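# Close look at the chain arrangement
The residues making up each chain are set out below.
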Amino acid sequence: MTLDPHPAASYADPSLHAHGLFIGGDWHAGRGIPVVNPATTERLAEVADASVSDALRAVDAAEASAADWRAMPPRQRAEILRRWFGLMTDHAEELAVLISLENGKALADARGEIAYAAEFFRWYAEEAVRIAGEFRHAPSGANHILVDHDPIGISVLITPWNFPAAMATRKIGPALAAGCTVILKPASETPLTAYAMARLGAEAGVPAGVVNVLTTSQPGPVVNAMLADPRVRKLSFTGSTGVGRTLLAEAAKTVVSCSMELGGNAPFLVFDDADLDAALDGAMIAKMRNAGEACTAANRFYVQAGIHDAFVAGLTQRMAALNVGPGTQAGTQVGPMITAKAVTKIDRLVRQAVAGGAHVTTGGAPLPGPGYYYPPTVIENVPEDAEMAHEEIFGPVAPVYRFETEAQVIRLANATDYGLAAYVYSRDLSRALRVGKGIEAGMIAINRGLMSDPAAPFGGVKQSGLGREGGVTGIMEFLEPKYFAVNF
Ligand code: NAP
């Protein structure tokens, strides 16, 4: 392993992470991908642009370290992950600043992300030593059934820009705990956090080649080449449903196991009997964490007729009171969107809803730059066929729809190809659970605006994905059961 050329520098300094790919424990110099601060549009750094041959070298490195890593006692793997958790916690503030610079999110959101992200290393440090097998008598009485779990093998991990740290640790944690070596390809907009974490991993004692990180401007060819390599046995992807579909088709060619965390279109249901203040508090978290750039973000607010007007008034007041600005500026609650393209998309969805008869109660148009700003927006009377009812808004826009009955709102909640998350507010717990059972989603929050937890299974149904991350199940995505039929 080569020495880090900038050992004493702050992890918050973007230029520190600008010099190369991390393959086999070495930093490989390169340039080609600019990283832009969305709060100012200024260039923060330029990172290396991996070619197909760089990617295959990363697979070589992952292969070279695989046998030793899987043979390492689980307790030792766990201790490395636990040290990585400790280092992320020690450097939490610097990492939060770095996330805020490259992603734009408010520092409070970035701090929350680092705490959440680090927890995946602590959780999987604890799970690494609890991988259980099975022992049974065959029903026929002829033999015994013994089930062991092998690490699935070299894993390609692909992450989006909206949680640059947490989406990576949610994959690296279970993969390493299971005994797999990995190649991480972070999003081009937010690679600096991934490289910073790779440095911390090396400091924590992750052996060279066990975690490799590469950025590329040609994700299609680079990832396809890795999937075509028979040494790669796992693809774990978080991102849009469109790219997920493309990758599933690609992975089918070599029958690579896939875990897919894809897009969402979360409904947020408020019944007449809900605690209004609690529902508003929850709505603000479900909508505005990360300025709405979250796969679990409430995308459709369904509010029962008796409480609808009070909810719209309360939400409008709270949204209008938020401070918009650069994420790193003191007092900022809502940072910029990731790109100009994201602002254009949000603007289009709002304009289209307004043209269909919707009414904006606060916000409703992009803010002047520099930087990619869209204000917190509430919009009511949105037609059911508006595009924003069916597409991820991925921004600080809260559309509110009125409903009358339980059966009607379950039908509306399920009128989407997505099925990641849903929120239900009601003081009647049996109703909330009944409605939750009726909603086609992988995760239901009841009287809460946040469900993400490293100890719980995260994932969706329908076109929101395949498999689960986190919790006890997350590690199973990186293990293969091996069955022994035994006589003794
Ligand atoms: P994206 O455009 O799908 O990109 C995700 C990742 O895939 C990036 O690293 C991207 O690289 C890479 N990629 C793009 N095209 C590829 C290809 N042909 N082959 C291989 N990799 C490719 O998504 P995004 O805009 O970054 O993230 C937002 C989406 O992620 C939303 O839909 C959101 O709901 C979803 N998300 C889901 C979860 C979940 O847990 N379910 C969590 C967070 C986000 P480049 O950056 O280089 O293009």
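In this report, we go over the structure that sits alongside the text. Note that the coordinates shown come from a computational prediction; the quantities given were computed from them, not determined experimentally.

### A closer look at the packing of helix 7 (residues 219-228) against helix 8 (residues 241-252)
Their axes nearest at 9 Å, the elements helix 7 and helix 8 cross at an angle of 35 degrees. As helix 7 packs across helix 8, the resulting crossing turns out to be right-handed. Packed against helix 7, whose contacting residues are Val223, Asn224 and Leu227, the element helix 8 presents Leu247, Glu250 and Ala251 at the interface. Along the lines of polarity and charge, the residues of the contact of helix 7 with helix 8 split into four nonpolar, one polar and one charged.

### Quick look at the sheet that holds strand 12 (residues 266-270)
In spatial order, the strands read 14-15-16-13-12-17-18; together these seven strands make up an open sheet with mixed pairing. Of all the strands in the sheet, the pair left with one neighbour each is strand 14 (359-362) and strand 18 (443-446). Taking each pair of neighbouring strands and ignoring which way they run, the sheet shows an average axis angle of 25 degrees. In this structure, strand 12 lies alongside strand 13 (residues 298-304), joined through five bridges in parallel fashion. For Leu269, the partnering residue across the bridge sits in strand 13 and is Tyr302.

### Some words on the packing of aromatic side chains
Per the counting criterion, the structure on display carries 11 aromatic pairs. Judged by centre distance (5.0 Å) and plane angle (70 degrees), the ring pair of Tyr116 and Phe120 falls under edge-to-face. Taken together, the residues Tyr116 and Phe120, both in helix 4 (residues 107-127) and four residues apart, mark about one turn of the helix. With a centroid separation of 5.6 Å and an interplanar angle of 90 degrees, the aromatic rings of Trp161 and Phe394 are classed as edge-to-face. Of the two residues, Trp161 is situated in the loop between strand 7 (154-158) and helix 5 (166-178) and Phe394 in the loop between strand 15 (377-380) and strand 16 (397-403); the sequence distance between them amounts to 233 residues.

### Topic: the nonpolar core
Ranked by size, the top nonpolar core spans 160 residues in total, and within it Trp84, Met88, Leu176, Phe311, Leu315 and Met388 carry the most contacts. The biggest single contributor to this core is helix 4, with 11 residues. Excluding residues that lie within four positions of it along the chain, Leu315 makes contacts with Leu280, Ala283, Met284, Val378, Ala398 and Val400.

### Side note on the side chain of Thr362
Mapped onto the secondary structure, Thr362 falls in strand 14. Apart from the residues within four sequence positions on either side, Thr362 is in contact with Thr316, Met319, Ala320, Pro376, Thr377 and Val378.

### Overview of the packing of helix 3 (residues 92-103) against helix 6 (residues 192-204)
For the pair helix 3 and helix 6, the least separation of the axes is 9 Å and the interaxial angle reads 160 degrees. Here helix 3 is positioned roughly antiparallel relative to helix 6, judged by the angle of their axes. Mapping the contact onto sequence places Leu95, Leu98, Ile99 and Glu102 in helix 3 and Leu192, Thr193, Ala196 and Leu200 in helix 6. Residues of the contact of helix 3 with helix 6, tallied by class, amount to six nonpolar, one polar and one charged.

### Description of the pattern of salt bridges
The final tally for this structure, using the stated rule, is 27 salt bridges. Arg431 is paired through a salt bridge with Asp273; the nearest N and O atoms lie 3.3 Å apart. Taken together, the residues span a long stretch of sequence, with Arg431 in helix 13 (residues 429-438) and Asp273 in the loop between strand 12 and helix 9 (276-288) at a distance of 158 residues. Accessibility expressed as a relative area gives 16% for Arg431, which makes it buried. With a shortest N-O distance of 3.3 Å, Lys345 and Glu391 are connected by a salt bridge. Here Lys345, found in helix 11 (residues 340-355), pairs with Glu391, found in the loop between strand 15 and strand 16; they are 46 residues apart in sequence, far enough to count as distant. When its relative accessible area of 25% is taken as the criterion, Glu391 is described as partly exposed. Each of Asp60, Glu63, Asp229 and Arg231 takes part in salt bridges that share partners, so that together they form one network.

### So, the site of the ligand
Near the ligand, the surroundings consist of 31 residues, among which Arg170, Ser188, Ser240, Leu262 and Glu392 are the closest. Taking Ser188, its side chain carries an N or O atom lying 2.5 Å from an oxygen atom of the ligand. Side-chain polar atom of Glu261 to an oxygen atom of the ligand: 3.4 Å apart, as the coordinates give it. Starting from 910 Å² of accessible surface for the ligand in isolation, the protein chains cover 86%. Contributing elements (two or more residues each) for the shell around the ligand: helix 5, helix 7, strand 10 (232-238) and helix 8. Looking at the shell around the ligand element by element, the count peaks at three residues for helix 7. When grouped by side-chain class, the residues that make up the shell around the ligand number 16 nonpolar, 10 polar and five charged.

Thresholds applied
Residues numbered from 1 in each chain as written. Predicted model: local features only at pLDDT ≥ 70, side-chain atom pairs only at ≥ 80, totals over all residues. Heavy atoms only, no water. Axes fitted to C-alpha atoms, helices over the stretch in contact; angles between N-to-C directions. Helix = DSSP H or I, 4+ residues; strand = E, 2+ residues; numbered from the N terminus. Left-handed = near helix turned anticlockwise from the far one by under 90°. Contact = heavy atoms within 4.5 Å. Nonpolar A, V, L, I, M, F, W, Y, C, P; charged D, E, K, R; others polar. Pairing = 2+ DSSP bridges. Phe/Tyr/Trp six-rings, centres within 6.5 Å; stacked < 30°, edge-to-face > 60°. Core = buried A, V, L, I, M, F, W, Y, C linked by side-chain atoms within 4.5 Å. Buried < 20%, exposed > 50% of the residue type's maximum accessible area, 1.4 Å probe, protein only. Parallel < 35°, antiparallel > 145°, perpendicular 65-115°, else oblique. Salt bridge = Lys/Arg side-chain N within 4 Å of Asp/Glu carboxyl O. Near = heavy atom within 4 Å. Polar contact = N/O pair within 3.5 Å; in protein donor to acceptor, adjacent residues only side chain to side chain. Areas by Shrake-Rupley, 256 points an atom, 1.4 Å probe, with all protein chains shown as cover.

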